[in-house]
Each structure stands twice: as C-alpha cells, then as structure tokens.
Amino acid sequence: MKIVLQNLTKKFPNRDGGEDVVAVNDFTFEIPDGKLIGLLGPSGCGKSTTLNLISGLETASSGKIYFGDNDVTDLPPENRGVGLVFQSYALYPHMTVLQNIMFPLENFKGKDKLSKEEMVKRATEAAKLVQIEPFLNRKPREMSGGQQQRVAIARALVKMPRVLLLDEPLSNLDARLRLQTREEIRRIQRETNITTVFVTHDQEEAMSISDMIVVMKLGIVQQIGKPQDVYDYPVNLFVAKFLGTPPINVFEGKVRNNQIFIGDEAVLDIEGVEDKDVFVGIRPEGFILDENGPFTCKLNAVEVMGRDTSVVTTHEKALVDSIRSIISAENKVDTTKETVRFTLKPHKTFIFDHETEESIPYKVRK
Ligand code: ADP
Ligand code: MG
C-alpha cells in the first residue's frame, strides 16, 4: 500500500502563549508500496507527530493523507489498518505472550469475528515471524527487552496491517540487542512486504535498514533519498552533519580564484563557483595522508582501530574541537611530528553557502 502525504501540516497551540508550534510543516511525500522508510532527525523535529498523523492518533491541521487512492485524512485510527509499535512495549503483564499477541483480534466484531482457533493460529504465525514461538506461554516479565519488543511487533502484525508504523522501537534495548533487533525488523519487513515507516533519531540505525530516509529539522523535511545518496549528496550543512559516524569535519573557508581555502591554504582546485565565504565539510574518510599535501593540521593523537587508523588533529579554522580522519592502517603516521598533511578527496569534500548553509555544487579542476 503506497502512502501519500500531501502538504501535511500539524500545528499545536503554544502552552506558554505566543505562536503555535508547527510540529510538521508542509510535508509532501509519496511512500512507495512495500518499502521501509526511515524518518530521521533530532529530538523534537516532528517525527512522532508525522507518524501519529499517518496512524490517525493526531488529526492534521491541513493537508491530506492517502492510503493507496483512499483519502484517510479524516478516518479514525481503528479504521486505517495500521500496526503500531512504540518505544515502550506496553504489553499486558498479567497476560501470556500468546494472549498479548491475540488481544487485538478479540475486538473483531460481526462478520470479521474470529474463532478462538483462528486467533491462536494467527497469533502463532505472527510469533513465528518474530521468532518468539517457543515463549508463547511466558509472561512478559519472563522475557528480555528485545524479546518483549518482538511480542509488541507480533501484536502489531497479527491484524495484518496495511501499514506498519514504528516509533523508536529499539531505544529501550542495549546496543547489541538493538543491532540484532533492527536486522530482525528488516527481515520481517521484507518477508511481509508491509509498507513501513520507522522513526529514529539514530542516523546509523536509519541508514542501515531503510530503503529511503527522510531527514527532518524543526518540522521541515530537509532531504529525502536513498541512504547512500543522502550521505553522498547532502543538500545542506544540517544533513551533512547529521549523517555519518564519526561526523563530518566542518571548517570556516572561502572560495577564491577557483580554489577552496581553509585559512591561507588552498586545499582543492575547483571550478564553477564564484568567490564567496563558505563552510567546508570533509568526511573522515576524505583525508589522504600525504607529506606534500596542501592541507596542514596539528597532530593530536593517532588511534589504531585494527582495520583503520583514526588520526585526530586540530585546526584553528575547524568548527569542531578535534578533527577525525580515518585512514587505512597500512599508512604510518609519523607521531614525532607536530603537524600532519593531507590531500582531500573531492567527492568527500563539500562546500556550503555561509549564509544559507545550502550545498554548493562544484567541479574539480584537473
Ligand atoms: P520528535 O518525535 O521528532 O522528537 P515530536 O513530533 O514529538 O518530535 O514533536 C515535534 C514538536 O511538536 C516539538 O516541538 C514538540 O514539543 C511539539 N509537540 C508534540 N506534541 C505536542 C502536543 N501534544 N502539544 C504541543 N506541542 C507538541
Ligand atoms: Mg518522538
């Protein structure tokens, strides 16, 4: 089922007086059928509100929502056929796992009413899908956090929803379980082909499991695309900074005479950009160790991480306290020196307008 959001806007009255809070601002997007979309952004950017608008828990201030060709904008949540999973699993503690999963089916009325047998069958199938079938007779407290979240996912799936909505479903899990459970969610989504919206503030999580990501800031969509494309072609400084670990290194810079300058060093020869002040963003993997390179940084530390080496440096024009560059461990850094020099990879080096912070396309000059 494809989902269409059309100029979707949600305003909340400001409790402290003053202007309304625009939690979601003119969001237009067509979520393709059967895909997993990662909705990503810092806390308070409007992710949950967007999800709640899709589920019907919140009503839109303006704009439209379609499921397929049906306008569902004014449809109550129970008629939308959505499955919801939240950060807190909210399982019934006195019920067994099986009873928890079956619970949504008990409410089916009239011609949709299911026999007990049918309910058990469907709940068992859902439990199988999330691999908790052996625990059907346990109580939630007898399971780990990851297993409990799987019960919550099974409970959302048992109604065979047209759309699955997950709001930070992994936030309560420890790091290892988070990794494992996110792969599970990906697998379940592939197997069921349910159009899924996955909300997270964790860029790595969103990048790793989504077909497409939507990056939001203050209620406004910044960029939509395949994770790798958004990483490779960020539209602005915010998106560039939000994606990537370690994060992109940002410097004060300028373009003069077809060269990018950081301080008084011309670090890259380019064309197609007029002289202006810019922010220069360099991904950690964009540095090449080169004793004749044009870019000099002050050497701080070298951290060996097995496959890679992280060279930690400083620069007076850097907007971050320490610059992190990742180079192959085969390259040896002379740690007796006070400085280290780099050549920059152009496709890992971005420039942004100093005022608008929008990405400025450039060509490399040979
Ligand atoms: P996120 O899920 O990205 O952290 P939310 O969608 O929860 O963000 O919130 C977006 C903005 O809307 C925030 O500024 C938040 O304070 C505000 N907001 C959310 N729900 C309400 C509400 N019921 N009443 C007033 N403001 C709200
Ligand atoms: Mg939220």
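Residues numbered from 1 in each chain as written. Chains lettered and ligands numbered in written order. Predicted model: local features only at pLDDT ≥ 70, side-chain atom pairs only at ≥ 80, totals over all residues. Heavy atoms only, no water.

Right, let's talk about the domain arrangement of the protein chain for a bit. Domain boundaries assigned for the protein chain yield domain 1 (3–241) and domain 2 (246–364). Taken together, the contact pairs eight residues of domain 1 with 12 residues of domain 2. Across the domain 1 to domain 2 interface the summed buried area is about 890 Å²; carbon plus sulfur atoms make up 58%. On the domain 1 side of the interface with domain 2, the three residues burying the most area are Tyr 231, Leu 237 and Ala 240, jointly 59% of the side's total. Taken together, the links from domain 1 to domain 2 amount to zero salt bridges. Looking at the side of domain 1 that touches domain 2, the elements with two or more residues in it are α7 (227–232) and α8 (237–242). The dominant element in the side of domain 1 that touches domain 2, judged by the number of residues it contributes, is α8, at three residues. (Domains from an automatic or database assignment. Contact = heavy atoms within 4.5 Å. Buried area = accessible area lost by both parts, 1.4 Å probe. Salt bridge = Lys/Arg side-chain N within 4 Å of Asp/Glu carboxyl O. Helix = DSSP H or I, 4+ residues; strand = E, 2+ residues; numbered from the N terminus.)

All right, on to helix α2 (residues 97–106) then. Within α2, seven of the 10 residues are buried, which leaves it mostly tucked inside the rest of the structure. Turning to α2, its buried residues number three or more, namely Val 97, Leu 98, Asn 100, Ile 101, Met 102, Pro 104 and Leu 105. Here the buried face of α2 lies against α3 (116–129) and α4 (145–157). (Buried < 20%, exposed > 50% of the residue type's maximum accessible area, 1.4 Å probe, protein only.)

This next bit is on the site of ligand 1. In the vicinity of ligand 1, the contacting residues are Phe 12, Arg 15, Val 21, Ala 23, Pro 42, Ser 43, Gly 44, Cys 45, Gly 46, Lys 47, Ser 48 and Thr 49. Between ligand 1 and the protein, one listed contact pairs an oxygen atom with a side-chain N or O atom of Ser 48 at 2.8 Å. Between ligand 1 and the protein, one listed contact pairs an oxygen atom with a side-chain N or O atom of Thr 49 at 2.5 Å. For ligand 1, whose unbound accessible area comes to 560 Å², protein coverage reaches 66%. (Near = heavy atom within 4 Å. Polar contact = N/O pair within 3.5 Å; in protein donor to acceptor, adjacent residues only side chain to side chain. Areas by Shrake-Rupley, 256 points an atom, 1.4 Å probe, with all protein chains shown as cover.)

Let us now look at the sheet that holds strand β21 (residues 363–364). Across the sheet, which stays open at both edges, the six strands sit in the order β20-β14-β11-β12-β13-β21 with antiparallel pairing between neighbours. Two strands lie at the open edges of the sheet, namely β20 (349–353) and β21, each paired on one side alone. Bridge analysis of strand β11 (residues 249–256) against strand β12 (residues 259–262) gives three bridges, and the strand direction is antiparallel. If you follow Arg 256 over to β12, its bridge partner there is Gln 259. (Pairing = 2+ DSSP bridges.)

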